[in-house]
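Listed below, chain by chain, are the residues.
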Number of protein chains: 2
Amino acid sequence: MSSLYKLSTTIRKLHSSAARFTKNVEFTAVRYPYLKRGSYSFLSDRHLRFFQSILSPHQVLTDEFNDLSGYNVDWMCSVRGSSRLVLRPKTTEEVGAILQYCNAQNIAICPQGGNTGLVGGSVPVFDEVILSLGLMDAVISVDELSGIAIVQAGCVLEKLETVLHLNNLTLPLDLGAKGSCQIGGNVATNAGGIRLLRYGNLHGSVMGLTAVLANGQIMDCLSTNKKDNTGYDLKQLFIGSEGTLGVVTQVALHCPSKPTSVQVGFFGINSFDNVLETLRLSKQSLGEILSSCELIDQSSMECVTSQLKLKSPVNDFPFYILIETSGSNADHDAEKLNSLLETLLKNGTIMDGTLAADSTQATNLWALRERIAEALASEGYVYKYDVSVPIRQFYQLVDVMRAELGSLPIRCCGYGHLGDGNLHLNITSQEYNTVLLNKIEPFVYNWVSRQRGSVSAEHGVGLKKRDYIEYTKSPTSVYWMRRMKKLFDPNNILNPYKIFPGSLND
Amino acid sequence: MSSLYKLSTTIRKLHSSAARFTKNVEFTAVRYPYLKRGSYSFLSDRHLRFFQSILSPHQVLTDEFNDLSGYNVDWMCSVRGSSRLVLRPKTTEEVGAILQYCNAQNIAICPQGGNTGLVGGSVPVFDEVILSLGLMDAVISVDELSGIAIVQAGCVLEKLETVLHLNNLTLPLDLGAKGSCQIGGNVATNAGGIRLLRYGNLHGSVMGLTAVLANGQIMDCLSTNKKDNTGYDLKQLFIGSEGTLGVVTQVALHCPSKPTSVQVGFFGINSFDNVLETLRLSKQSLGEILSSCELIDQSSMECVTSQLKLKSPVNDFPFYILIETSGSNADHDAEKLNSLLETLLKNGTIMDGTLAADSTQATNLWALRERIAEALASEGYVYKYDVSVPIRQFYQLVDVMRAELGSLPIRCCGYGHLGDGNLHLNITSQEYNTVLLNKIEPFVYNWVSRQRGSVSAEHGVGLKKRDYIEYTKSPTSVYWMRRMKKLFDPNNILNPYKIFPGSLND
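Cut-off values and rules
Positions within a chain are numbered from 1, following the residues in the order the chain's sequence is written. All chains are assigned letters beginning at A, and all ligands numbers beginning at 1, according to the order in which they are written. Given that the model is predicted, a residue must reach a pLDDT of at least 70 before its local features are reported, and side-chain atom pairs must reach 80 or more before they are shown or counted; all residues, however, enter totals for whole chains, interfaces and linings. To obtain the side-chain values, all non-hydrogen atoms of the structure were included, while hydrogens and water were left out. UniProt positions are given in the numbering used here, feature names are shortened, and annotations may be inferred rather than shown by experiment. Strands are runs of DSSP state E lasting at least two residues, helices are runs of H or I lasting at least four, and both sets are numbered from the N terminus onward. Atoms counted for the radius of gyration: C-alpha only. Globule rule: 2.2 Å times residue count to the power 0.38. Burial classification: accessible surface area is computed with a 1.4 Å probe over protein chains only, and a residue below 20% of its type maximum counts as buried, one above 50% as exposed, and the rest as partly exposed. Where accessible areas are quoted, they stem from the Shrake-Rupley method and a 1.4 Å probe; at the residue level, only the protein chains shown are allowed to cover. Here is the rule: rings of Phe, Tyr and Trp (six-membered ring for Trp) pair when centre to centre is within 6.5 Å. Planes less than 30 degrees apart are stacked, more than 60 are edge-to-face, and the remainder are tilted. Here, a charge over a ring is recorded when the distance from Lys NZ or Arg CZ to the ring centre is within 6 Å and its angle to the ring normal is within 35 degrees. The axes used here are C-alpha line fits, helices contributing only the stretch in contact, and every angle between their N-to-C directions lies in the interval 0 to 180 degrees. If you view the pair so one helix is near and one far, a crossing is left-handed when the near helix is turned anticlockwise from the far one by less than a right angle, and right-handed when it is turned clockwise. Between two residues, a contact is recorded if the distance between any of their heavy atoms is within 4.5 Å. Under the grouping applied here, Gly and all other residues not named as nonpolar or charged are polar, the nonpolar ones being Ala, Val, Leu, Ile, Met, Phe, Trp, Tyr, Cys and Pro and the charged ones Asp, Glu, Lys and Arg. For every residue, the pLDDT score states the predictor's confidence, bounded by 0 at the bottom and 100 at the top. Buried area adds together the accessible area that both of two parts lose upon being put together, with accessible area traced by a 1.4 Å probe. For this analysis, a salt bridge means a side-chain nitrogen from Lys or Arg found within 4 Å of a carboxyl oxygen belonging to Asp or Glu. Distance and chemistry together define a polar contact, namely a pair of N or O atoms within 3.5 Å, with one atom able to donate a hydrogen and the other to accept it when in protein, and with adjacent residues in sequence counting only for side-chain atoms on both sides. Residue ranges for the domains originate in an automatic or database domain assignment. In this analysis, strands are considered paired if DSSP registers two or more bridges between them. Note on terminology: disulfide denotes any pair of cysteine sulfur atoms within 2.5 Å. Put simply, buried Ala, Val, Leu, Ile, Met, Phe, Trp, Tyr and Cys residues joined by side-chain atoms within 4.5 Å make one nonpolar core.

Under an unreviewed UniProt entry, chain A has the name D-2-hydroxyglutarate dehydrogenase, mitochondrial and belongs to Daphnia galeata. Check the Cofactor (unreviewed entry) section of the UniProt entry for chain A; it says "FAD".

Below, the structure written as structure tokens:
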């Protein structure tokens, strides 16, 4: 059962329609006037002729208003670049030739996967050449016995999932954006999602990858070995580096066996203490079959039910938890989940609860969690924060923020991946409002920093959070990140203006 | 149930008795005459006075024959350094002060954890100062709800396991050496072991760490967040770098819930094709509760039963598989395992099989697998190879090697972590024999390289495998590893002579 079709479709629609709205989106260079273009070469006819000499015509897009608009704008229409060229390589070698030339010619590059990011990392800030991986979309091999799939970076996650299912395997990650996002982009941004609780993060699941460095050199780390301790694990550098250290072109992913039974429970809870107790007992009772533990607060539920006319299966409560199990024996899993439900009701940890009787019901329960983002967007402008906080402080931030903002916003709500300590704090207002924004930031970052949380749990840094990286990372860490960047990309041609505050060219 | 007590005790005994045999062990500088000491400072009284000024007397060991001998020799008595000084810091800050001074004074350092490695990585080659983490052995905190344990690097794995069990958690890794090995050393060498199949590798399980760089700078990456996407994941660099990029002093580890039921099955199998089919059906039927799938070949079984007087629970077969499940419901797990056994017997995939009725029987079954190394050692000299190979070629290497060696060795056998594609190829002879060695190497590395396997799956490179790293890693990768090393440790004071072939000082 795949529970995310609805959101996936939604994001796909939003994404494909982004082009239409492009003209109304403010240029990033205008919205962020303090950003200064680096001293890169301006694209010339000579450059263009070179790219046309090594690529086929359909791999070189230059029509600013038709071809390029969808690539210059993110799917939320929140950032807009002014690139005049999209290159669409089909092989690692073509990526190598492109980067070698750009490095020699001092041309800045913005690598782009499915362009589903939330932090402005995948679109150009100025006129960077866009390197789209979309034509590199082959599933190269899938081996059921070892669980290893080798796939080109541009393969859309949902397509890979379909192929894996045919081989009795499943993806170790699942995202709302899976209908559009690409595995290479997932790896480059260390995407999290709703299965991390069960299968861990991509640093553990990626067995190998190929990356092209800024100078065009091909770094072949495409190991399919589950164990390999020969020297430094260089592939790890590229996981989560957001295209600033190299361009990921191929990935070897370890994929778990496909569960034959997926079951969902939905609980209403009257206090956050009981939310934590529900998590504790769920981990204890469900053990190895627990695959998701998601929190929805009352305000998020109110939004998703009123805006999208969805129906909650339980009465009104301050909190709701969605529990998903994935296992290999439906009877065993049902017994475990039923027993958990009974215990929770009997000892008063939850006030109400229901289990999905079939996959339709399960999909409907998931929709209550997965369509919150869509519901919030329909209220106006959304200030979105994706943070990690210690589990006991998980909901404090929402309370504190509400007290701070008073009646300024329409709504201040929290939901997210409780089991991973990953809160999505969302605040809505009629329209983009700097008074409200200045009340939220840097307040939210300061608060998270004091708890030693992360100001970006799973969405990355990109452009939008680059000024806040030191709220999570120590100055020593950021100093060494800069040295790594300088080592791998001395001319700073790969995804400039992203991750690091200030200018790397200073 | 902990299945490894016996081996653990054995290794502990071997380790603590290493000192006694020290005088008979050939110096590494003699056995490997082509190694040349780097142009480091020789330890002077002035240096010693500095270390004595910042550390207590029991933290500075200088008695060559009593104190130092156990630190200068590995537990297999296969390598021997001639260090004259062991420093035993108690805090990260003390490690920082030591490294800052050594870097300024050009003093080479050999970081040492439990000294249980197999590749000569944790003892000095010449007179490097030994930095022992053994006094930094505190479990700082354990949180059952989030599963995060924060622990000092020198904590022995078994001690950490005991504390975790009290908190209903378990370790994501388990090693035969757990009675001696330290978590910092496990992280620094990216230790694998028998639970990797279930819980994945340390790149996924380590949430954060503190490392001290060669210049004494403290890199605080001690995040306890399960998700954190703020910039490059620098901690990954130190996982598996064998103490050459920095010294790990603290670790935040994600620990899974402690399984309440651990069950073991043992099968006799008549062909390698059926070995693979057993693996496939085990993954399918046991799904999420499968925690180990270990192979033992006939020759390994013969050795462990004859040398150690252990008894096999099944008749003689070319192959044996040990299956372990770990789960949260004993009845469910037993039903799954019984059903698997029935299927395998019925369709002829296995010829014989038994399930452990209690934890004593389970321990006895595990002993057949875990005590092979000990049994082999009692035959004389053991040539040990720890390689990763594609699962379908898993056993070919043993066959090919046997054909190549003919009657030269006493025994050529294979066993290991089938589920992870990790073979332990072992060859025994009466004593160390260069004719035999030259028949084995580089033959074994060439063969593994042709399969795109790894010449070191879980044991690292250290000193012994440094000349073979390029059999697994591309020249581009090794080039960039060298650049990383140069960036983080420009004077090459951290664990010199390890990992890289040739001299880094050239």
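Trainee: Outline the overall build of chain A, listing residues and values.
Mentor: Scanning chain A from N- to C-terminus turns up 19 helices and 16 strands. By the compact-globule yardstick of 23 Å for 506 residues, chain A fits well, its C-alpha radius of gyration being 23 Å. By the burial criterion, 63% of the 506 residues in chain A qualify as buried. Here chain A displays about 17,600 Å² of accessible surface, and carbon together with sulfur accounts for 49% of that area.

Trainee: Would you mind going over the packing of aromatic side chains in detail, with residue names and values included?
Mentor: All told, the structure shown has 42 aromatic pairs over all chains when counted by the stated rule. Looking at Arg31 of chain A, its charged tip hangs above the ring of Tyr432 of chain A, at a distance of 4.7 Å from the centre. Directly above the ring of Phe42 of chain B sits Arg37 of chain B, whose terminal nitrogen or CZ lies 3.6 Å from the centroid.

Trainee: Can you break down the UniProt feature "domain: FAD-binding PCMH-type" (unreviewed entry) in chain A residue by residue, with the values?
Mentor: The positions UniProt marks with the feature "domain: FAD-binding PCMH-type" (unreviewed entry) are residues 79-258 of chain A. From the first C-alpha to the last, residues 79-258 of chain A spans 38 Å; its make-up is 23% helix and 22% strand.

Trainee: Give a detailed account of the packing of helix H11 (residues 272-286) of chain B against helix H13 (residues 330-346) of chain B, specifying residues and quantitative values.
Mentor: Residue and element names in this part refer to chain B. Contact geometry for H11 and H13: axes closest at 10 Å, N-to-C directions at 145°. The element H11 and its partner H13 pack so that their crossing is right-handed. Contacts between H11 and H13 involve Thr278, Leu281, Ser282, Ser285 and Leu286 from the former and Lys336, Leu337, Leu340 and Leu344 from the latter. Looking at side-chain class alone, the contact of H11 with H13 contains 5 nonpolar, 3 polar and 1 charged residues.

Trainee: Which residues make up the confidence of the model for chain A, and what values go with them?
Mentor: Overall, the predicted model of chain A reaches an average pLDDT of 94, with 95% of residues at or above 70. Predicted confidence is poor over residues 1-20 of chain A, with pLDDT under 50, and the contacts of this stretch with residues over four places away or in other chains come to 45 contacts.

Trainee: Could you give me a rundown of unusual backbone geometry, with the residues and numbers involved?
Mentor: Looking along the chain, the bond that leaves Glu441 of chain A and enters Pro442 of chain A is cis, with omega of 0°. Summarising the element assignment, Pro442 of chain A is placed in the loop between helix H17 (434-440) and helix H18 (443-450). Here Cys77 of chain B, not a glycine, exhibits a phi torsion of approximately 55°, which is positive. Tracing the backbone through its elements, the reader meets Cys77 of chain B in the loop between helix H4 (69-72) and strand S2 (86-87). In this structure, Asn495 of chain B takes a positive phi of about 45° despite not being glycine. Tracing the sequence through the fold places Asn495 of chain B in the segment after helix H19 (475-488). Asn495 of chain B gets classed as buried once you look at its relative accessible area, which sits at 2%.

Trainee: Can you explain the interface of chain A and chain B? Please cite residues and give values.
Mentor: Residue-level contacts link 93 residues of chain A with 93 residues of chain B. A combined buried area of about 7,200 Å² lies between chain A and chain B, and 52% of that area is made up of carbon and sulfur atoms. Ranking the residues of chain A by area buried against chain B places Leu145, Lys227 and Tyr232 of chain A at the top, with a combined share of 14%. For Glu144 of chain B, the salt bridge goes to Arg280 of chain A, with nearest N and O atoms at 4.0 Å. Along the contact surface separating chain A from chain B lie 51 residue pairs in polar contact (both at pLDDT 80 or more). Of all the secondary structure elements, the ones that give two or more residues to the side of chain A that touches chain B are helix H8 (196-199), helix H9 (202-205), strand S8 (218-221), helix H10 (235-238), helix H11 (272-286), helix H13 (330-346) and helix H19 (475-488) of chain A. Looking at the side of chain A that touches chain B residue by residue, the classes come out as 31 nonpolar, 40 polar and 22 charged.

Trainee: Can you tell me about the domain arrangement of chain A, naming the residues and giving the values?
Mentor: All names here are of chain A. Entries for chain A in the domain assignment read domain 1 (5-132), domain 2 (139-254), domain 3 (261-373) and domain 4 (379-472). Centre-to-centre separation of domain 3 and domain 4, based on C-alpha positions: 24 Å. Contact residues are listed per partner, giving 19 residues for domain 3 and 18 residues for domain 4. Note on domain 3 versus domain 4: buried area summed over both sides is about 1,500 Å², and carbon and sulfur give 59% of it. By the criterion of area lost to domain 4, the three top residues of domain 3 are Phe272, Leu295 and Asp297, representing 27% of everything that side buries. In this structure, the connection of domain 3 to domain 4 is made through 2 salt bridges. Note that Arg402 is salt-bridged to Asp297, the shortest N-O span being 3.3 Å. Seen at the junction of domain 3 and domain 4, the total is 10 residue pairs in polar contact (both at pLDDT 80 or more). Here the side of domain 3 that touches domain 4 is composed, by residue class, of 12 nonpolar, 3 polar and 4 charged.

Trainee: Residue-level account of the sheet that holds strand S9 (residues 247-254) of chain A, with values.
Mentor: Residues and elements named next belong to chain A. Spatially, S5-S6-S9-S7-S8 is the arrangement adopted by the 5 strands of the open sheet, whose pairing is antiparallel. Each of the sheet's edge strands pairs with one partner strand only, and the pair in question is strand S5 (139-143) and S8. Going across the sheet, the axis of each strand differs from the next one's by a mean of 10°, ignoring polarity. Across 6 bridges, the pairing between strand S7 (residues 206-212) and S9 is antiparallel.

Trainee: Kindly report on the sheet that holds strand S14 (residues 381-388) of chain A, identifying the contributing residues and their values.
Mentor: All names here are of chain A. The antiparallel open sheet is built from 7 strands, whose spatial order is S13-S10-S12-S11-S15-S16-S14. Across the chains shown, the open sheet's two edge strands, defined by having one partner strand only, are strand S13 (352-355) and S14. This sheet shows a mean twist of 15° between the axes of neighbouring strands, independent of strand direction. Against the sheet, helix H14 (residues 359-370) makes contact with strand S10 (261-269), strand S11 (290-297), strand S12 (319-327), S13, strand S15 (411-417) and strand S16 (422-429), and its axis sits at roughly 50° relative to S11, the strand it touches most. Contacts from helix H16 (residues 396-405) reach S11, S14, S15 and S16 within the one sheet, and its direction differs from that of S16 by about 20°.

Trainee: Please set out the environment of Ile148 of chain A residue by residue, giving values where relevant.
Mentor: Residues and elements named next belong to chain A. Structurally, the position occupied by Ile148 is in strand S6 (residues 148-152). By relative accessible area, which is 5% here, Ile148 ends up buried. For the pair Ile148 and Leu164, spaced 16 residues apart in sequence, the C-alpha separation works out to 9.8 Å. Ile148 has contacts with Ser141, Val142, Asp143, Met207, Thr224, Lys226, Ala252, Leu253 and His254, leaving out every residue within four places of it along the chain.

Trainee: Explain the state of the cysteines to me, using residue names and the numbers behind them.
Mentor: Residue and element names in this part refer to chain A. Summed over the entire model, instances satisfying the criterion amount to 0 disulfides over all chains. Cysteine Cys102 shares no disulfide, and the gap to the nearest cysteine sulfur, in Cys110, comes to 12 Å. Among the residues examined, Cys102 registers a relative accessible area of 0% and is labelled buried. Unpaired in terms of disulfides, Cys255 finds its nearest cysteine sulfur in Cys155, a separation of 11 Å. Under the relative-accessibility criterion, Cys255 is labelled buried at 2%.

Trainee: Describe the pairing of strand S6 (residues 148-152) of chain B, naming the residues involved and giving the relevant values.
Mentor: Residue and element names in this part refer to chain B. Buried residues dominate S6, accounting for 5 of its 5 residues. Two strands pair when backbone bridges link them, and strand S5 (residues 139-143) and S6 are joined in this way by 4 bridges, in the antiparallel orientation. Opposite Val139, over in S6, you have Val151 as the bridge partner. Counting the residues that bridge the hairpin from S5 to S6 gives 4 residues, and of these Gly147 lies at a positive phi of roughly 80°.

Trainee: Help me get a handle on the packing of helix H16 (residues 396-405) of chain B against helix H18 (residues 443-450) of chain B, residues and values and all.
Mentor: A pair of packed helices can be characterised by two numbers: the angle between their axes and the separation between those axes. Residues and elements named next belong to chain B. At a minimum axis separation of 11 Å, H16 and H18 run at an interaxial angle of 145°. Pair H16 / H18 crosses with right-handed handedness. Residue-level inspection shows Gln396, Leu397, Val400, Met401 and Glu404 of H16 in contact with H18, the latter providing Phe443, Val444, Trp447 and Val448. A breakdown of the residues in the contact of H16 with H18 according to their chemical character gives 7 nonpolar, 1 polar and 1 charged.

Trainee: A description of the nonpolar core should follow, citing residues and the corresponding values.
Mentor: Ranked by size, the top nonpolar core spans 84 residues in total, and within it Met484 and Phe488 of chain A together with Phe238, Met484 and Phe488 of chain B carry the most contacts. Excluding residues within four positions of it along the chain, Phe488 of chain B makes contact with Trp480 and Met484 of chain A together with Leu213, Ala214, Met219, Leu237, Phe238 and Leu245 of chain B.

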